[in-house]
Amino acid sequence: GFHGSYFDYRNNANSYLNNVIDDREGLPITLSILFLEMGRRIELEGLSGFPLPYHFLVKHETSHGDYRLIDVFNSGESMTYAEANEFVSQYQKGPFRSDLLESSSKKEIINRMLRNLLAFTQAEESLATSLPYLDLLITLNPTTASFYLERAWIYLRSGNPDGARHDLQWILDHEPQGINIPRVREALESL
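Rules used throughout
Residues numbered from 1 in each chain as written. Predicted model: local features only at pLDDT ≥ 70, side-chain atom pairs only at ≥ 80, totals over all residues. Heavy atoms only, no water. Helix = DSSP H or I, 4+ residues; strand = E, 2+ residues; numbered from the N terminus. Buried < 20%, exposed > 50% of the residue type's maximum accessible area, 1.4 Å probe, protein only. Contact = heavy atoms within 4.5 Å. Areas by Shrake-Rupley, 256 points an atom, 1.4 Å probe, with all protein chains shown as cover. Core = buried A, V, L, I, M, F, W, Y, C linked by side-chain atoms within 4.5 Å. Arc of directions from axis to C-beta. Pairing = 2+ DSSP bridges. Axes fitted to C-alpha atoms, helices over the stretch in contact; angles between N-to-C directions.

**A few points about the overall build of the protein**
Within the protein, the regular secondary structure consists of eight helices and six strands. If you list the helices and strands of the protein from N to C, you get β-α-β-α-β-β-β-β-α-α-α-α-α-α. Each principal axis of the C-alpha atoms in the protein carries an extent, and together these give about 60 × 35 × 30 Å. Counting over 191 residues, the protein shows a buried share of 42%. A separation of at least 24 residues holds for 41% of the contacts in the protein among residues at least 6 apart in sequence. Put simply, the protein shows about 11,400 Å² of open surface, and 51% of that area lies on carbon and sulfur atoms.

**A short note on the environment of Gly76**
Position of Gly76 relative to the elements: it lies in the loop between strand S5 (67-71) and strand S6 (77-79). Distance from Gly76 to Tyr16, taken between C-alpha atoms, is 20 Å for residues 60 residues apart in sequence.

**Focus on the nonpolar core**
Most often, soluble globular proteins have nonpolar side chains that are buried together. Grouped together as the largest cluster of nonpolar side chains are 23 residues, with contacts concentrated most on Ile171, Ile179 and Val184. For this core, the secondary-structure elements that each account for two or more residues are helix H4 (106-124), helix H5 (131-140), helix H6 (145-157), helix H7 (161-174) and helix H8 (181-190). For this core, the element with the highest residue contribution is H6, accounting for six residues. With sequence-adjacent residues up to four places away left out, Ile171 is seen in contact with Ala145, Tyr148, Leu149, Pro176, Ile179, Ile181 and Val184. Formed by 16 residues, the second largest nonpolar core is a distinct cluster that contains Leu31, Ile33, Leu36 and Met113.

**A few points about helix H3 (residues 81-89)**
All buried positions along H3 are accounted for by Tyr81, Ala84, Asn85, Phe87 and Val88. One side of H3 holds all its buried residues, which, seen down the axis, span an arc of 160°. Exposed positions of H3 whose direction lies more than 90 degrees from the buried face are Ala82 and Glu86. Considering only its buried residues, H3 is in contact with strand S3 (47-50), strand S4 (57-61), S5 and S6.

**Observations concerning the side chain of Ser130**
When you line up the elements, Ser130 lands in the loop between H4 and H5. Of the residues examined, Ser130 reaches a relative accessible area of 0% and is grouped as buried.

**What to know about the environment of Leu127**
Here Leu127 shows up in the loop between H4 and H5. Expressed as a C-alpha distance, the spacing of Leu127 and Arg157, which sit 30 residues apart in the sequence, is 7.9 Å. Sequence-distant contacts of Leu127, that is, excluding residues within four places in its chain, are made with Gln122, Trp153, Ile154 and Arg157.

**A short note on the sheet that holds S3**
The antiparallel open sheet is built from four strands, whose spatial order is S3-S4-S5-S6. Pairing within the sheet leaves two strands with one partner each, and these edge strands are S3 and S6. Ignoring which end each strand starts from, the neighbouring axes of this sheet average 35° apart.

Next up, the structure:
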């Protein structure tokens, strides 16, 4: 009776496992987590999370090297790498090679769930309500500067200049690559 949430996809309840269990409805990643955990409980080996862009699957690899990609969101349909590539091509340009993807670690799965909640909350609610998800992402990834930058921006937009100062100062103290440090310094000085 579990099924993908086609009509209310962005509902936060689809990202909370307790609600997914109660409602029997969820996102590709939450349904995959339940599938993985049930597989673990029955000691089915070779199961792992498979992180396609825009979708999440379960990969079952046998001891003989055979594999099967399982789309739990779509009633457990099997997919080949070619079909997974075709699925991704609907959403992004250019070639994609799913056969080069590695399985997701538990931490990567949690990060992806939190990023989903962050995006859904920012789109449907307010920026300030997304702060707990950013706080968790920073706790799990304390050296990822983009999360600090995003949180500083939200702090600024929600009237918390002290919070923004703290995060901008963290960026200046660590000078991570890929961040425009002069602009961060300018933003901090303007506060």
